[in-house]
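# Architecture and fold: a report
Spelled out from the first residue to the last, the chains are:
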Amino acid sequence: MEKWSRFNIASVVLGFGFLYLPIVLLVIFSFNESKLVTVWAGFSTKWYTQLWHNQGLLDAAWVTIRVALLSATCATVLGTLAALALVRYTRFRGRVLFSGMVYAPLVMPEVITGLSLLLLFVAIGFDRGFWTITLAHITFTMCFVAVVVQSRLLSFDQSIEEAALDLGATPVTTFFAITLPVIAPAVFSGWILAFTLSLDDLVISSFTTGPGATTLPMKIYSQVRLGVTPEINAICTILIGIVALGVIVASIVTKRREVQREKDERAAFAAIG
Amino acid sequence: MKSLGSIRRSFAPWADPASKPFISVKNVTKKFGDFTAVDDLSLNIYTREFFALLGASGCGKSTLLRMLAGFEQPTSGEIILDGQSLAGIPPYRRPVNMMFQSYALFPHMTVENNVAFGLKQDGMPKADIAERVAQMLKLVKLEKFAKRKPHHLSGGQRQRVALARSLAKRPKVLLLDEPLGALDKKLREETQFELMDLQQELGLTFVVVTHDQEEAMTMADRIAVMSHGKVVQVATPAEIYEAPNSRFVADFIGDVNIFDGKVISAEDGYIRVETTGGIPVRMASPDKPGNGATAAVAIRPEKIRIGRQPPAHAPVNAAEGEIWDIGYLGDMTVFHIRLKDGKVIKASSLNAVRAVEDPLGYDQQVWISFGEDAGVVLKD
């Protein structure tokens, strides 16, 4: 192994410190006995127990999870279909425009996405609440799914679909028996990505929310304005845990399957020469 | 047991006007935008025939195969299979199966499930599927690999899985797209004969696409030589080789020497041609072109004799030259002989006798000569 120079060690420590120090502090203080956020008074999990009695926070968490599950699922379906269309039909008119438009929300400032969605909902007289947040989240997360699935489809050998058709499978059977299982890891990581994005979104949710539909990030944000409590630290720690778990699971699954798949395909193409 | 060879030898339904073609391609054209991949092509393929589509890449042979499989629809014309038009019938309802060049094995399924896939689509009972799969794997000698995934197999084994999978449904016609292209030379030669035996055993009609003329010559009952979306000649391998109908076919299949010239006279089955290099040629020809017409005589290298003395019939069908290049291949030697007018002739001779030193060396003056039926007079 290479020897680490002092400079390199310093850069790594600084970089990771910069990234994770605030988070580590938050996690540590969520176990603080004292009610004062900045003064350490011993270890305790009482703020976590207290969370269970804070109906407002629990309601918000429940809304958030429902929105995330529903929007991630819909976004995965739509994003996968968009990716399929973009990769398969390379010759249709306006393909470049279409693919550009699918990816635009990736770089679009959230404020603009949120505002435009709000304007739309107001214009068509859609009552704002749970459903508008869900729709908004589908809108901005589907492009992430499309990107992830599209990159998988680009390395997909289409002749296996033709082989399935040739062997008597209808296009629908072919999609579910052949295409989907092969691209499943990408679809799954797309879902996880959409789920975590939806889970911690504040800006777009704030624009598109209505009475009775307060998501956790919104709740936290509004409470923080009244002062940070250890309770908030506790719920944030749980959120961090969920997101980290999701990201780790997704990357492990994708990595493992992708490595396997690439090995298969490389071997297959090596055989073709 | 009757040998497969004796069955093959007597097999010639195309020569019998009473026999009905099994596959009939009628005036099929396929265009991709401005590009015409298949151009007003017609041909007939008969039951149990091993038919090869041979041509350089981009000649339309794969497109034709894909139209038979149903992945492409003809722009015009129609394809009839067993008396039924295939127009508008999707690939999953055609009684044909295809073996893909990339094998296209399903990477997430075991060998067993790959082979069973088509049978499951037909709703075959489970027990029958298991039996058929076992039978197919036995046929391709892969019984031991049933539970493996494709990436744990070698190229040759994958080729066999693909073959078993495409044969499992007992299709009326098996389409093979460059079936041996991914195998190395030794394995390819072995597999060629295996495919032929298999085809005879199962009594199937095979349509194979290949760019490898040796492969086509070895396996096929008949070959269609294709160029620019058209069929140039359809005939048995021997006819294609010995009686090419055009300069293209003569040149495309094997090596050939073409002597251009003018017809001097034509009578009782022979014509006399004065080549541009000044060699008087007398050659068997069923046609009687008019005097002064241009003619081209094609002679294969192995039909040209090399000698140190002029032959008795000189100067007719003979010319003097010097050995320019020698290619020693082991079983035979290829000579490039430069004639007086600068034309280089290819001549090959079988090394029937063990001789480490060839009596013919570089720069040696030699005579080439050929018989009156050694060549073919090309029409264009």
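Keep in mind that this is a model prediction, so the values were computed, not measured.

### Description of the overall build of chain A
The helix and strand tally for chain A stands at eleven helices and zero strands. Reading the secondary structure of chain A in the N-to-C direction produces α-α-α-α-α-α-α-α-α-α-α. Its C-alpha atoms give chain A principal-axis dimensions of roughly 70 × 65 × 30 Å. When burial is assessed residue by residue, chain A has 33% of its 273 residues classed as buried.

### What about the overall build of chain B?
Check the secondary structure of chain B and you find nine helices and 20 strands. Overall size of chain B, expressed as C-alpha extent along the three principal axes, is 75 × 50 × 45 Å. Counting only residues that meet the buried cut, chain B has 39% of its 380 residues in that class. In chain B, of all internal contacts separated by at least 6 residues, the share reaching a separation of at least 24 is 63%.

### A closer look at the domain arrangement of chain B
All names here are of chain B. Along its sequence, chain B is carved into domain 1 (4-95 + 171-249) and domain 2 (255-378). If you average the C-alpha positions of domain 1 and of domain 2, the two centres end up 34 Å apart. Every contact between the two is made by four residues of domain 1 and, on the other side, five residues of domain 2. A class-by-class count of the residues in the side of domain 1 that touches domain 2 yields two nonpolar, one polar and one charged.

### Some remarks on the sheet that holds strand β1 (residues 23-32) of chain B
Residues and elements named next belong to chain B. Overall, antiparallel pairing links the four strands, which are arranged β2-β1-β4-β5 in an open sheet. The open sheet has two edge strands, β2 (35-45) and β5 (84-85), and neither has a second partner. Of the pairings in the sheet, the one linking β1 to β2 comprises seven bridges and is antiparallel in character. From the neighbouring strand, Lys 30 faces β2, where its bridge partner is Val 38. Taken strand by strand, helix α2 (residues 61-69) contacts β1, β2 and β4 (76-81), and its axis lies near 65° from that of β2.

### Description of the environment of Ile 258 of chain B
Residue and element names in this part refer to chain B. Structurally, Ile 258 is set in strand β11 (residues 257-267). Using a count of 15 C-beta atoms within 10 Å as the deciding quantity, one classes Ile 258 as partly exposed. Remark: the alpha-carbon pair of Ile 258 and Ile 345, spanning 87 residues in sequence, is separated by 8.8 Å. In this structure, Ile 258 is in contact with Arg 247, Ala 250, Ala 296 and Ala 298, ignoring residues within four places of it in sequence.

### Considering the interface of chain A and chain B
Many authors give the size of an interface as the accessible area that is lost as the parts come together. Opposite the 23 residues of chain A that make contact, chain B presents 22 residues. Secondary-structure elements contributing two or more residues to the side of chain A that touches chain B are α7 (159-166), α8 (171-199) and α11 (230-272) of chain A. Of all the elements, α7 of chain A adds the most residues to the side of chain A that touches chain B, at seven residues. Grouping the amino acids of the side of chain A that touches chain B by side-chain chemistry returns 13 nonpolar, five polar and five charged.

### Structural notes on the confidence of the model for chain A
Counting all residues, the mean pLDDT for chain A is 85, and 95% of those residues have values of 70 or more. By mean pLDDT, α11 of chain A is the weakest element of chain A at 76, and α7 of chain A is the strongest at 93.

### Points about the pairing of strand β10 (residues 230-235) of chain B
Working note: regular strand, side chains alternate between the two faces of the sheet. Residue and element names in this part refer to chain B. Of the strand pairs in this sheet, strand β9 (residues 222-227) and β10 are connected by five bridges, and their pairing is antiparallel. Bridge pairing in β10 places Ser 227 opposite Lys 230. Linkage of β9 to β10, two consecutive antiparallel strands, is achieved through a turn of two residues, within which His 228 is found at a positive phi near 45°.

### A closer look at the packing of helix α3 (residues 55-88) of chain A against α8 of chain A
Residues and elements named next belong to chain A. In contact at an axis separation of 8 Å, α3 and α8 are set at 140° when each is read in the N-to-C sense. Between α3 and α8, the angle is such that the two are oblique. Relative to α8, α3 is oriented so that their crossing is right-handed. When α3 is examined against α8, the residues Thr 64, Val 67, Ala 68, Ser 71, Ala 72, Ala 75, Thr 76, Gly 79 and Thr 80 are found in contact with a partner set consisting of Val 187, Gly 190, Trp 191, Ala 194, Phe 195, Ser 198 and Leu 199. When grouped by side-chain class, the residues that make up the contact of α3 with α8 number nine nonpolar, seven polar and no charged.

### A word on α8 of chain A
The end-to-end C-alpha separation of α8 of chain A is 35 Å, well short of the 42 Å expected for 29 residues at 1.5 Å each. Ala 184 of chain A marks where α8 of chain A bends most, by close to 60°; the proline Pro 185 of chain A follows one to four residues later.

### Some words on the sheet that holds β11 of chain B
All names here are of chain B. A sheet is described by the order of its strands in space; here five strands give the open sequence β13-β12-β11-β14-β20, paired in antiparallel fashion. Two strands in the sheet have a free side with no partner beyond their single neighbour: β13 (280-284) and β20 (375-378). Within this sheet the neighbouring strands show an average axis-to-axis angle of 40°, counted without direction.

### Quick word on the pairing of strand β3 (residues 50-54) of chain B
All names here are of chain B. The buried fraction of β3 is high, at five of five residues. The sheet contact formed by β3 and strand β8 (residues 205-210) spans five bridges and is parallel. The residue bridging Leu 53 from the neighbouring strand is Val 209, located in β8. Inspection of the sheet shows β3 paired to β9 by four bridges, in the parallel sense. From the neighbouring strand, Phe 51 faces β9, where its bridge partner is Arg 222.

### Focus: the nonpolar core
All names here are of chain B. Of all hydrophobic cores here, the largest spans 148 residues; its most connected members are Ala 164, Leu 175 and Val 207. Looking at this core, you find at least three residues from each of domain 1 (4-95 + 171-249) and domain 2 (255-378). Once residues lying within four places of it in the same chain are set aside, the contact partners of Val 207 are Ile 45, Phe 51, Leu 53, Leu 65, Leu 68, Val 173 and Leu 175.

### Here's the deal with unusual backbone geometry
All names here are of chain B. In the Ramachandran plot, Lys 141 falls in the positive-phi region, its phi being about 60° despite a non-glycine side chain. As for its placement among the helices and strands, Lys 141 is situated in the loop between α4 (126-139) and α5 (155-167). On the neighbour-count criterion, Lys 141 (12 C-beta atoms within 10 Å) is exposed. The phi dihedral of Glu 178 falls on the positive side, at around 40°, and the residue is not glycine.

### Quick word on the confidence of the model for chain B
On average, residues of chain B score 88 in pLDDT, and 97% of them are at 70 or above. Across the whole predicted complex the pTM is 0.79, and at the interface the ipTM reaches 0.82.

Calculation notes
- Residues numbered from 1 in each chain as written.
- Chains lettered and ligands numbered in written order.
- Predicted model: local features only at pLDDT ≥ 70, side-chain atom pairs only at ≥ 80, totals over all residues.
- Helix = DSSP H or I, 4+ residues; strand = E, 2+ residues; numbered from the N terminus.
- Buried ≥ 20, exposed ≤ 12 C-beta atoms within 10 Å, placed from the backbone.
- Contact = placed C-beta atoms within 7 Å.
- Domains from an automatic or database assignment.
- Nonpolar A, V, L, I, M, F, W, Y, C, P; charged D, E, K, R; others polar.
- Pairing = 2+ DSSP bridges.
- Axes fitted to C-alpha atoms, helices over the stretch in contact; angles between N-to-C directions.
- pLDDT = per-residue confidence, 0-100.
- Parallel < 35°, antiparallel > 145°, perpendicular 65-115°, else oblique.
- Left-handed = near helix turned anticlockwise from the far one by under 90°.
- Expected span 1.5 Å × (residues − 1).
- Bend = angle between axes of the 7 residues up to and from the residue.
- Core = buried A, V, L, I, M, F, W, Y, C linked by C-beta atoms within 7 Å.

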